Amino acid sequence: MMKKHLVMAVVPFLALGCGDDFKDENGDGIADGIREPDSVTVVTPATPKGTVSGQVLSTDLKPLAEASVEITIGSSADPLAGTTDAKGNFEFKDVPAGSQVLLTFTKAGYATLRATSTIPSSAGNVPINNANVSFGPVTLTRLDGSLRFLLVTPQGRPAANVRATLEASPAGTIILANNDSTTRVVSTVVVEATSDDQGALVFQGIPAAQELARLNQGQYRLWVSAVDSNSDGVPETNGYVSSYFASDVVASGTTRLINLPNSRPTNATLTVEGSNVAMLRGAADPHPLRNMVRPGEPIYLYFNHPVQPSSLLVRLTDEYAKEALPVTVALGNGGYSATVTPGNGVVQTGKEYNLDLRAVSAETGNLYSRTGFFFGGETGTVTPVTIAEARYQETSLTAPTSQQLNTGELVYINFSSPLFTPPVFADGSKVQVFFNVDIDNNGTVGRGSFGEVGNYSGQGFVLSINEPTAPYQTRVQQPELPVFPITTSGYSTRYSFVYSGVGIIPSTTSMQVAFSKLAERGVTETYQSIWGQPLTVDLTVNSIATQPVPVPAP
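What counts, and where the lines are drawn
- Residues numbered from 1 in each chain as written.
- Predicted model: local features only at pLDDT ≥ 70, side-chain atom pairs only at ≥ 80, totals over all residues.
- Heavy atoms only, no water.
- Helix = DSSP H or I, 4+ residues; strand = E, 2+ residues; numbered from the N terminus.
- Buried < 20%, exposed > 50% of the residue type's maximum accessible area, 1.4 Å probe, protein only.
- Contact = heavy atoms within 4.5 Å.
- Areas by Shrake-Rupley, 256 points an atom, 1.4 Å probe, with all protein chains shown as cover.
- Pairing = 2+ DSSP bridges.
- Axes fitted to C-alpha atoms, helices over the stretch in contact; angles between N-to-C directions.
- Phe/Tyr/Trp six-rings, centres within 6.5 Å; stacked < 30°, edge-to-face > 60°.
- Salt bridge = Lys/Arg side-chain N within 4 Å of Asp/Glu carboxyl O.
- Polar contact = N/O pair within 3.5 Å; in protein donor to acceptor, adjacent residues only side chain to side chain.
- pLDDT = per-residue confidence, 0-100.

**A look at the overall build of the protein**
Okay, step 1: From N to C terminus, the protein includes 4 helices and 37 strands.
Okay, step 2: Per-residue burial over the protein gives 42% buried out of 554 residues.
Okay, step 3: Contacts in the protein between residues far apart in sequence, at least 24 positions, make up 69% of those at least 6 positions apart.
Okay, step 4: Total accessible area on the protein stands at roughly 27800 Å², and carbon and sulfur atoms take up 51% of it.

Following this line, the structure appears as structure tokens:
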């Protein structure tokens with residue numbers, strides 16, 4: 001029986017393929033002239049074709065006649081065009097199977113809708129025209145709605161001449177036949193507008209809220225450009241973006257008030273976001289290498305709010321804050337930045353300076369006030385530390401023996417650049433000072449005598465940091481005050497000790513600061529310069545200057 005069926009199935013094909021009269025000009029796999037092939041002669045065409053059809057309606061499901069429908073097949077440059085009939089129907093035949101198609105639906109007064117799909121690559125029995133892609137029903141939204149916004153500046157004034165864009169979506173809907181996941185809608189309605197002198201921003205020719213609300217999750221999305229009214233490249237207010245569900249617009253009206261945001265968030269107080277002096281930033285950083293300004297280099301400030309030009313105050317002093325140093329200030333970038341330039345030759349390598357900075361936000365009125373410090377120098381160029389001078393403070397009690405160091409007097413050691421003191425666990429862990437003189441008048445220098453050079457067993461004068469917070473006092477009443485209250489850095493050029501020796505020291509005596517002897521006493525920490533370099537060698541000064549006795553104020 002199996003052999004019999006095989007013979008019956010093969011014979012008709014042999015009959016079709018052997019004669020010279022067999023023709024198949026339309027490529028349907030069936031000999032021309034055969035109108036009703038039986039099941040034996042059914043074959044698959046070499047180039048199957050399909051159909052794209054559908055129906056176009058308004059959102060209230062009324063047919064849209066004379067709607068234009070264009071179909072672009074694959075990468076073809078020339079789309080095929082058609083129109084809907086009185087019932088809104090359209091059809092395109094002979095579309096190659098497996099093709100990707102783009103359909104564009106347009107009608108005057110309605111939104112344009114675009115959708116893509118793929119024609120099935122295979123179909124059932126001949127004729128192949130049953131490979132149909134059905135678009136529909138397709139609904140198009142009417143463009144007879146409007147939406148109005150009132151734009152207000154952060155200062156409460158109308159925001160005039162502001163450009164904005166509104167997007168309404170979806171522009172329509174397509175009900176997918178048989179839940180066809182290959183169909184995709186790619187359309188929205190986009191309209192631009194510019195606010196008038198009263199800040200009114202009106203978008204017309206968009207889907208009405210009532211109509212858009214009937215569509216699933218219909219919504220409007222608004223983009224408002226930043227405002228740069230003086231065209232200086234720095235916006236006074238930032239842009240604004242928001243979305244509105246059409247159902248909410250129906251419920252609350254088509255006019256919306258928008259308070260445009262400040263160019264920076266107003267919930268933050270005015271601060272310095274960037275500067276080459278890290279002590280002035282919002283999160284102050286005291287490390288010297290992040291507060292180092294090259295001689296001749298400006299100090300740069302970058303604010304998070306624009307600053308009122310007349311409000312910016314910058315004062316500059318040296319480490320002792322005795323007098324104000326010359327400085328000029330220039331605002332830029334609409335008040336967002338400032339350049340602070342010390343006077344010519346003011347900033348010197350290895351010196352510490354104090355800054356007082358005050359500014360008022362032009363947007364919020366917030367006051368920024370900060371005192372800080374910086375150091376002169378180049379981070380990559382280390383300058384060796386030396387002793388600049390030594391001086392002692394005369395007192396009224398020692399006036400008869402002036403020009404000589406007496407017991408109980410304070411001695412200042414001033415270094416050429418600021419030093420950092422390591423953590424102190426006891427006085428003995430600090431660096432000590434020794435005199436190259438016979439303090440106790442026993443005929444020798446050293447040899448167990450306290451404070452004399454050569455006696456390095458912890459028997460020297462303990463040197464401690466004496467960072468200035470005010471100028472040297474020269475008056476008894478009304479002593480000198482700093483130009484402004486300064487912030488200590490933990491680094492200083494000035495150190496001091498109290499002379500407690502039994503003898504009187506001439507001002508021409510040399511002193512030695514014994515940094516190298518710390519390691520001999522088992523101290524693992526070292527003093528450091530502002531460049532982070534450890535001090536491990538002894539430094540010597542050959543004379544002691546006099547700080548005069550404070551006198552009564554005139």
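This is not the end of the story, as more comes after the structure.
**Concerning the sheet that holds strand β13 (residues 200-206)**
Sheet strands pair via backbone hydrogen bonds, and the direction of the pair is either parallel or antiparallel.
Okay, step 1: Spatially, β13-β8-β16 is the arrangement adopted by the 3 strands of the open sheet, whose pairing is mixed. Edge positions in the sheet fall to β13 and β16 (255-259), since each of these pairs with one other strand and no more. Across the sheet, the mean angle from the axis of one strand to that of its neighbour is 20 degrees, orientation sign disregarded.
Okay, step 2: Of the pairings in the sheet, the one linking strand β8 (residues 145-152) to β16 comprises 5 bridges and is parallel in character. Residue pairing for β16: F149 is matched across the bridge by R256.

**Regarding the packing of aromatic side chains**
Okay, step 1: Overall, the coordinates contain 20 aromatic pairs when judged by the stated rule.
Okay, step 2: Centre to centre, the rings of F149 and F203 are 6.1 Å apart; their planes meet at 80 degrees, and the pair counts as edge-to-face. Here the residue F149 occupies a position in strand β8, and F203 occupies one in strand β13, the gap between them amounting to 54 residues.
Okay, step 3: Residue classification places F203 among the buried residues on the basis of a relative accessible area of 0%.

**Here's the deal with the sheet that holds strand β19 (residues 299-303)**
Okay, step 1: Read across the sheet, 4 strands follow the order β17-β19-β22-β21 without closing on themselves; strand pairing throughout is antiparallel. Unpaired on one side and paired on the other, β17 (272-275) and β21 (327-332) mark the two borders of the sheet. Going from strand to strand, the sheet's axes swing by 20 degrees on average, the running direction of each strand aside.
Okay, step 2: Pairing of β17 with β19, which is carried by 3 bridges, proceeds in the antiparallel orientation. Residue pairing for β19: V272 is matched across the bridge by F303.

**Overview of the pairing of β8**
Okay, step 1: Note: β8 against β13, 6 bridges, orientation antiparallel. Pairing of F149 across the sheet is with L201, part of β13.

**Considering the environment of V411**
Okay, step 1: With respect to the secondary-structure elements, V411 resides in strand β27 (residues 410-420).
Okay, step 2: Spatially, the C-alpha atom of V411 lies 5.8 Å from that of R391, the residues being 20 residues apart in sequence.
Okay, step 3: Contacts of V411, omitting those with residues within four sequence positions, involve R391, Y392, L405, Y495, S496, F497, Y499 and M511.

**Here's the deal with the environment of F303**
Okay, step 1: Looking at the element boundaries, F303 is found in strand β19.
Okay, step 2: Between the C-alpha atoms of F303 and R281, which are 22 residues apart in sequence, the distance is 9.1 Å.

**Details of unusual backbone geometry**
Okay, step 1: Backbone torsion omega between S169 and P170 reads -5 degrees, so that peptide bond is classified as cis.
Okay, step 2: Among the structural elements, P170 can be located in the loop between β9 (163-169) and β10 (172-176).
Okay, step 3: Even without being glycine, L61 reaches a positive phi, approximately 65 degrees.
Okay, step 4: On the secondary structure map, L61 appears in the loop between β1 (49-58) and β2 (68-73).
Okay, step 5: The class of L61 is exposed, set by a relative accessible area of 57%.
Okay, step 6: The backbone phi angle of E66 is positive, close to 60 degrees, even though this residue is not glycine.

**Looking at the pattern of salt bridges**
Okay, step 1: In this structure the tally under the stated criterion is 8 salt bridges.
Okay, step 2: The partner of R315 in a salt bridge is D356, and the shortest N-O contact between them spans 2.6 Å. Taken together, the residues R315 in strand β20 (residues 313-318) and D356 in strand β23 (residues 352-360) connect sequence positions 41 residues apart.
Okay, step 3: Where R358 meets D356, a salt bridge forms, and the shortest distance between an N and an O atom there is 3.8 Å.
Okay, step 4: The partly exposed category is assigned to R358, whose relative accessible area is 37%.
Okay, step 5: The exposure class assigned to D356 is buried, which follows from its relative accessible area of 2%.
Okay, step 6: Connected via shared salt-bridge partners are R294, E297 and E378.

**Thoughts on the side chain of N304**
Okay, step 1: On the secondary structure map, N304 appears in the loop between β19 and β20.
Okay, step 2: In terms of polar contacts, N304 uses its side chain to reach the backbone carbonyl oxygen of T269, at 3.0 Å.

**Notes on the confidence of the model for the protein**
Okay, step 1: Taken over all residues, the pLDDT of the protein has a mean of 83, while the share at 70 or more is 84%.
Okay, step 2: Confidence over residues 37-42 falls short of pLDDT 50; this stretch has 8 contacts with residues more than four positions distant or in other chains.

**Quick look at the pairing of strand β5 (residues 100-106)**
Okay, step 1: Two strands pair when backbone bridges link them, and β2 and β5 are joined in this way by 6 bridges, in the antiparallel orientation. Its bridge partner being in β5, T72 is matched across the sheet by L102.
Okay, step 2: As paired strands, β5 and strand β6 (residues 113-118) are joined by 6 bridges and run antiparallel to one another. The residue bridging L102 from the neighbouring strand is T116, located in β6.
Okay, step 3: In this structure, the hairpin formed by β5 and β6 is closed by a connection of 6 residues, where G109 is found at a positive phi of approximately 85 degrees.

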